[in-house]
Structure formats: C-alpha cells, structure tokens
Amino acid sequence: MDKIVVAGGKRLAGAVDISGAKNAALPMMAATILASGESTLLNVPHLKDVSTFSDVLRVLGARVKREGNSLIIDTSSIEHLEAPYELVRTMRASIYVLGPLLARFGQARVSLPGGCAWGPRPVNLHLKILEEMGAHVEIQHGYIMARAGKLQGALIDFDVSSVGATANAMMAASLASGNTLLRNAAREPEIEALGQMLSSMGASVSGAGSGTVEIQGAKTLRAVRERIIPDRIEAGTYMVATAMTGGKVTLRRARADHLGAVIDKMAEAGVTIRQEAGNLVVEGPTSLVPVNVTTSPYPGFPTDMQAQFMALLSLAQGTSVITETIFPDRFTHVPELRRLGVKVTLDANVAKITGVKRLSGAPVMASDLRASAALVLAALVAQGETEILRVYHIDRGYERIEEKLRGLGAEIQRVRV
Ligand code: EPZ
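The present account deals with the structure reproduced in this document. Predicted model only: the values in this text are computed from it and were never measured.

Digging into the pairing of strand β16 (residues 272–276)
Working step 1: Where β16 lies against strand β17 (residues 279–283), five bridges are found, and the strand directions are antiparallel. Of the residues in β17, the one forming a bridge with Glu 276 is Asn 279.
Working step 2: The hairpin formed by β16 and β17 contains two residues between the paired strands, and Ala 277 there has a positive phi angle of roughly 50 degrees.

Have a look at this one:
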C-alpha cells in the first residue's frame, strides 16, 4: 500500500497534460461488447478503474491489449456472460456490461455492485430500462439475472437523471429492434461521447448530451476506433490546485465547454481562467472570495468536484455553503479535511465552510476517489508535512497525480509502505 507525502507551501506554475476521461472510457469500453471484432480506443488513461474494467472484459472472454495510450479490445470470443462479485464490488461501473451483454447475447449475470464509501448506490433505474425493453430481470444470490429475446425499442422517462442508467439504455437500445426515446436522460459530455461512438458503430443516435436521446437500433454493429475526450474532473482538480496555491498553470487539452459551471464558480471566487489555443490558463488570486455551490446534474456544478471545492473554499475570506444534491452523504472527506485545519460544519447535505488563513499538515486517510483528491489539494497549501494513506483510492481516477503535481513545482512524492 502506498502513501503520498506532501510538503505544503509551493506555488504551482507551468503546464500539465489532461488525460483521457475515466468516465468516458468505462462506458465506451463496455460498448465494444456490442460488436464482434477488434475496437481501438485512443487516449485511454492509465487508471486502476480502466485496468479493472479490462479484467471484467477478459473474464467475459474478450481480449484486451494496452498499447501506450490505446486499448485494443477484441470481443469476438466473448462467451462467458457473467461479471463476478469480486470484480464488480471493486468498481460499480462494471454494471455497464449489463446492457451490452443482454443486447448482443440475450442474457447476462452481473453482481449487484453494492454501495460505496459514501453510501448506497442504487441500480433500480438500470433494471427498469431493461425491463421496459422486454427483458426479464430478477435478483438471485446478490446477482442481477437478465434474459431477453430481441430487445424492443421503448419510450423511457427517467424520473432521476442517471449517467449510468442512461449509458446502459443507449447501449441496449443500439441493438434493439425499433426506436428508443430517452427523456430526462443524463446530459454529461461522456454521454455525448458514447452517443458518437454508438453512431460510428452503426446505430443511429441523435440528441446524446441534450437530455432527450433517440436511438434507432441496428441488426448488427461494427467495431470502431474512437478517441476518449479529456477528463473534465481531472482538469477541474488541477484548476483548484492552481487557485489554492496562487499559481499560474496551463491545462493542456482541457475543454472549457465541458467545465462551464466550474469555471463560473471559480471566477466568482476570484480565479482568473482563460482559453488559449485549446488549453485553459488558470491563475490563482492572492485571496479567494467565498461562494455558495449546489451540485446538480450536468451542466450544473458536478458532484465529482464537490470535495475539491470544499478544499478551495477552506481558504476563502468568509463563509461558503456547499449543498450536495446528487449523493447527500458524499462527505467522507470532511473529518479528514478537519484534521488539516479546515473549518466546516455539516447539517444533512449542507456543508458550511469558514475560511481560515492557513491549513496545517497531518497524517490523513484517503476514503474515496474525489475525497482523496481533496486531501492532496489541502496538503499542497498546508504548513508542514502531510501524509495521505490508502493512495489506491486516488489511483482509481487520477493518472500519475504526484508526477504531474511535481512537474508543476509541488513537493510531493509517493512512498511505498
Ligand atoms: C456516474 O456515476 C459517475 N461514475 C460518478 O463519478 C458521478 O459522481 C455520477 O455519475 C454523478 O455524476 C461514472 O461515470 C463511472 P448516477 P453513476 O447514476 O452513473 C441515483 C467519480 O468520481 N440513481 O448518475 O453511478 C443515484 O443514487 C464517480 O468518477 C438511482 O436512484 O451516477 C444518484 O442520486 C463517482 N438509481 C443519481 O441517480 C439508479 O439506478 C445520479 O447517479 C442509478 C442512479
């Protein structure tokens, strides 16, 4: 198990490459199941979650080869239609194989993912959309058992905007007979990217990313070559790191059009952000202004940036309020941030942060992906040394985070314990 050790107080400067988006790569890896053949995904980040998903595909019988930043996935030999508990429990996104397996093979057995560090993560919407497309779904011994003849296109109204359930519905619909219309679908850029991939494969998908998606299923789909979009949450995390240290950093390949709500809130807090030749240039202020943030489905402020923003606002001159509406319990970062001197009170899903002049280094425990990122951010400015234990949480979603931060001038290293 590794730990990350940070000596706080360094101002970040220079340029950092933003990697491919984890939350685009995972559904697109699942989509390769829909077509028998060899697909290539480009700009795939080197992350624990990507290697876990590769293992899930291998268990199904696919061949997955990593070549630099590309993944070559050959799904022609898939024959084992089960995603086992020991893999699914480590990464709930494994449920993305459910729709494609059912659509191509007529059956699937996927372990229920269970919860995560901050609470329950239901999958009822994933099951509901498949039943609406004609599947028979039951839960047995902790597994989702789904069977179907040819899936039928359907009109599906989401009462909750769900990224994962939207992705599963789009993939299943791509091989269903007839048309499927999704209303109140998730609008994330990763959903738009999935729609583009499914269209390249031969389904006709319109409106992906708009909230209303229409998919005309195809009889068969073809393997493709697709590039993964840049990771907007990784970019947002480095924007916060720059702002907290009062630095100036160029985020290469960051997409401003995917970060509207984050850019608006950072500008409100006094951070200067401008687009320059396809990059984002971020400059931290000498002092930060308190702001109020409420998370909401895209294009609102992303829940995946909530913990990082709490770290930022811990230095603002005044009181800020963060309201978490997507995952009301998503505050495992609070007790650990408090150990670093962050002044925050919690009342249900509302956090009130009172800015302080400085944070102080201490040993802290990573708990989940974005909470761990918030600890790294706070450590960058905390006085003295901070040790962050259980770093594997960070490796799930951040590629080489200590190398990238060191390249910007941070005093940070990974220590094997
Ligand atoms: C995706 O998770 C992301 N994961 C999460 O990022 C992200 O936090 C989340 O979307 C919200 O943006 C990936 O893309 C791999 P949801 P997902 O279904 O699909 C409720 C990270 O840090 N819901 O959009 O699981 C749910 O409880 C990860 O990279 C149901 O009620 O999230 C939540 O309140 C963490 N029933 C809301 O919908 C369901 O069947 C949105 O969840 C499914 C979801």
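Observations regarding the environment of Gly 114
Working step 1: You can see Gly 114 is positioned in the loop between β7 (107–111) and α5 (124–132).
Working step 2: Dropping the residues within four chain positions of it, Gly 114 is found in contact with Arg 92 and Arg 121.

Some remarks on the environment of Ala 165
Working step 1: Among the structural elements, Ala 165 can be located in helix α6 (residues 163–173).
Working step 2: Along the primary structure Ala 165 and Ala 185 are separated by 20 residues, whereas in three dimensions their C-alpha atoms are 8.5 Å apart.
Working step 3: When sequence neighbours within four positions are dropped, the list of residues in contact with Ala 165 reads Leu 125, His 126, Ile 129 and Phe 158.

A short note on the sheet that holds strand β1 (residues 2–7)
Working step 1: In space, the four strands of this open sheet follow the order β22-β23-β1-β24, with mixed pairing throughout. Edge positions in the sheet fall to β22 (363–365) and β24 (411–416), since each of these pairs with one other strand and no more. Shown here is a sheet whose adjacent strand axes are inclined to one another by a mean of 20 degrees, direction ignored.
Working step 2: This element, helix α12 (residues 369–381), spans β1, β22, β23 (385–389) and β24 of the sheet and lies at about 170 degrees to β23.

Considering a nonpolar patch on the surface
Working step 1: Where nonpolar side chains cluster on the molecular surface, the patch consists of Met 1, Tyr 392 and Val 417 and spans about 340 Å² of accessible area.
Working step 2: Residue placement: Met 1 occurs in the segment before β1.
Working step 3: According to the relative accessible area criterion, Met 1 is exposed, its value standing at 58%.

Examining unusual backbone geometry
Working step 1: Residue Pro 299 is bonded to the preceding Tyr 298 through a cis peptide linkage, with omega at 10 degrees.
Working step 2: The backbone phi angle of Ala 348 is positive, close to 55 degrees, even though this residue is not glycine.
Working step 3: Mapped onto the elements of the fold, Ala 348 is located in the loop between β20 (343–347) and β21 (350–354).
Working step 4: One non-glycine residue, Arg 390, lies in positive phi territory at about 60 degrees.
Working step 5: Relative to the helices and strands, Arg 390 resides in the loop between β23 and α13 (392–395).
Working step 6: On the basis of relative accessibility, which here comes to 36%, the residue Arg 390 falls in the partly exposed class.

Some words on the site of the ligand
Working step 1: Near the ligand there are 23 residues, and of these Asn 124, Ser 162, Val 163, Asp 304 and Ile 326 occur at the shortest range.
Working step 2: Side-chain polar atom of Lys 22 to an oxygen atom of the ligand: 2.9 Å apart, as the coordinates give it.
Working step 3: At a separation of 2.7 Å, an oxygen atom of the ligand approaches a polar backbone atom of Ile 326.
Working step 4: For the ligand, whose accessible area on its own is 820 Å², the fraction buried by protein is 86%.
Working step 5: Elements supplying a minimum of two residues to the shell around the ligand: α1 (22–31), α5, α6 and α12.
Working step 6: Sorting elements by how many residues they give to the shell around the ligand places α5 first, with three residues.
Working step 7: Class assignment for the residues of the shell around the ligand results in ten nonpolar, seven polar and six charged.

About the thresholds
- Residues numbered from 1 in each chain as written.
- Predicted model: local features only at pLDDT ≥ 70, side-chain atom pairs only at ≥ 80, totals over all residues.
- Heavy atoms only, no water.
- Pairing = 2+ DSSP bridges.
- Helix = DSSP H or I, 4+ residues; strand = E, 2+ residues; numbered from the N terminus.
- Contact = heavy atoms within 4.5 Å.
- Axes fitted to C-alpha atoms, helices over the stretch in contact; angles between N-to-C directions.
- Patch = residues over 30% accessible without salt bridge, like charges linked within 9 Å, V, L, I, M, F, W, Y side chains within 5 Å.
- Areas by Shrake-Rupley, 256 points an atom, 1.4 Å probe, with all protein chains shown as cover.
- Salt bridge = Lys/Arg side-chain N within 4 Å of Asp/Glu carboxyl O.
- Buried < 20%, exposed > 50% of the residue type's maximum accessible area, 1.4 Å probe, protein only.
- Near = heavy atom within 4 Å.
- Polar contact = N/O pair within 3.5 Å; in protein donor to acceptor, adjacent residues only side chain to side chain.
- Nonpolar A, V, L, I, M, F, W, Y, C, P; charged D, E, K, R; others polar.

Keep in mind that these numbers describe shape and distance, not what the molecule does.
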